Amino acid sequence: MEAAGAKLRRPRAPRKAAPLLPQAADARLVNAATRARDRVGLLLLLDLGIRRGELRGVQPRDIDLARRQITVFGKGQKSRVIPLRGRIVLEIEAYLLETLPLLDRLPEPDDYLLYPEKRAGAGRLLAAYPKRPMSPPTVHRWWYRHAAAAGLVGRDMTSGLNMHRARHTFATDLRRIADLGAASQALGHSDLSTTAAIYGHYDLSDLERAMEAFARARRQEDEEPAD
């Protein structure tokens, strides 16, 4: 029996799961985008998990389709190379062959994927500045404009579905099919403990997959002939 006055252990606060995008949000976002450059921008968030600041800096010269990879520049201009696979490759190819509105030319190596545009009240394009990156507030509005087009938020809303949810969703999905090391490398975390603190938890679906694998292993053992 513990001595009177022994210090009680304070219960540990439950770890909060990272907020994710709604189910099927990625397909809705991509399908609602009408320009190839916007679909590429959305897929860089959804399929590569890059940050807003990294997205702002993406230029065609950072993309190597021959090697199927892209170089992104993160905090402190630290660079990392991310493999390109699947649907994003096709969208990048389409973007590189798409004439820039108003400019009547293809994207150049030192253009920015997302750049500022000046429009009239009716939405008519008046000027485009592909040699300049979008400002952070403009990228924020760009995200919510596409979220509204996809029916994920109301029209003219600029809150309620933070862009960083795309990064959380990517990392959570990747972590379920790969180890934390791969997720950490893809996200550009300098320390594996950062990745583990956010995405290292396990949920019911993880336990279900583990139990299914355990049951399969047990069946195989039962089916093996005895010596």
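1. Quick word on the overall build of the protein chain
Check the secondary structure of the protein chain and you find nine helices and five strands. The order of helices and strands in the protein chain, counted from the N terminus, is α-α-α-β-β-β-α-β-β-α-α-α-α-α. Relative to its full complement of 227 residues, the protein chain shows a buried share of 36%. Expressed as a percentage of contacts within the protein chain between residues at least 6 apart in sequence, the contacts between residues at least 24 apart total 54%. Surface accessibility of the protein chain: about 14,300 Å² in total, with carbon and sulfur atoms responsible for 52%.

2. Quick notes on the pattern of salt bridges
Enumeration according to the criterion identifies 14 salt bridges in this entry. Here Arg39 makes a salt bridge to Glu91, at a shortest N to O gap of 2.9 Å. Placement of the pair is Arg39 in helix H2 (residues 36-46) and Glu91 in helix H4 (residues 87-96), with a sequence separation of 52 residues. On the basis of relative accessible area, Arg39 is assigned to the buried category, the value being 17%. Classification of Glu91 by relative accessible area gives buried; the value is 17%. The closest approach of N and O atoms between Glu117 and Arg119, which form a salt bridge, is 3.0 Å. Through salt bridges with shared partners, a single network forms among Arg105, Glu108, Asp110, Asp111 and Lys131.

3. Section: the nonpolar core
Counting 39 residues, the largest nonpolar core has Leu44, Ile50, Leu55, Ile70, Trp142 and Trp143 as the members making the most contacts within it. Within the residue set of this core, elements represented by two or more residues are helix H1 (25-32), H2, strand S2 (69-73), H4 and helix H5 (136-149). Per-element tally for this core: the top contributor is H2, with seven residues. Look past the residues within four positions of Leu44 in its chain and what remains in contact with it is Gly49, Ile50, Leu55, Val58, Ile70, Ile88 and Leu113.

4. What about the pairing of strand S3 (residues 79-83)?
Burial along S3 is one-sided: Arg80 and Ile82 are buried, while Ser79, Val81 and Pro83, pointing the other way, are not. By the bridge criterion, five bridges tie S2 to S3 in an arrangement that is antiparallel. Its bridge partner lying in S3, Val72 is registered against Arg80. Remark: five residues form the turn of the hairpin made by S2 and S3, two consecutive strands paired antiparallel; Gly76 in that turn has positive phi of roughly 65°.

5. Brief notes about the packing of H2 against H4
Here H2 crosses H4 at 150°, and the two axes come no closer than 8 Å. Relative to H4, H2 is oriented roughly antiparallel. Crossing hand, H2 versus H4: left-handed. Facing H2, whose interface residues are Ala36, Arg37, Arg39, Val40, Leu43, Leu44 and Leu46, H4 presents Arg87, Ile88, Glu91, Ile92, Ala94 and Tyr95. For the contact of H2 with H4, the residue count by class is nine nonpolar, no polar and four charged.

6. Re the packing of aromatic side chains
Inspection of every chain in the model, using the stated rule, returns zero aromatic pairs. Lying across the ring of Tyr115, Arg37 places its NZ or CZ 5.1 Å from the centre. One Lys or Arg, Arg132, reaches over the ring of Tyr129 and ends 4.7 Å from the middle of that ring.

7. Some words on the sheet that holds S2
The three strands lie next to each other as S1-S2-S3, forming an open sheet whose pairing is antiparallel. Taken across any chain shown, the strands that pair with only one partner, and hence form the sheet edges, are strand S1 (63-64) and S3.

8. Regarding the pairing of strand S5 (residues 125-128)
Pairing analysis gives three bridges linking strand S4 (residues 117-119) to S5, with the strands arranged antiparallel. From the neighbouring strand, Arg119 faces S5, where its bridge partner is Leu125. With antiparallel pairing between neighbouring strands as the criterion, S4 and S5 make up a hairpin whose turn holds five residues, including Gly123 at a positive phi of roughly 95°.

Calculation criteria
Residues numbered from 1 in each chain as written. Predicted model: local features only at pLDDT ≥ 70, side-chain atom pairs only at ≥ 80, totals over all residues. Heavy atoms only, no water. Helix = DSSP H or I, 4+ residues; strand = E, 2+ residues; numbered from the N terminus. Buried < 20%, exposed > 50% of the residue type's maximum accessible area, 1.4 Å probe, protein only. Contact = heavy atoms within 4.5 Å. Areas by Shrake-Rupley, 256 points an atom, 1.4 Å probe, with all protein chains shown as cover. Salt bridge = Lys/Arg side-chain N within 4 Å of Asp/Glu carboxyl O. Core = buried A, V, L, I, M, F, W, Y, C linked by side-chain atoms within 4.5 Å. Pairing = 2+ DSSP bridges. Axes fitted to C-alpha atoms, helices over the stretch in contact; angles between N-to-C directions. Parallel < 35°, antiparallel > 145°, perpendicular 65-115°, else oblique. Left-handed = near helix turned anticlockwise from the far one by under 90°. Nonpolar A, V, L, I, M, F, W, Y, C, P; charged D, E, K, R; others polar. Phe/Tyr/Trp six-rings, centres within 6.5 Å; stacked < 30°, edge-to-face > 60°. Lys NZ or Arg CZ within 6 Å of the ring centre and 35° of its normal.

The analysis is restricted to geometry; functional conclusions fall outside its scope.
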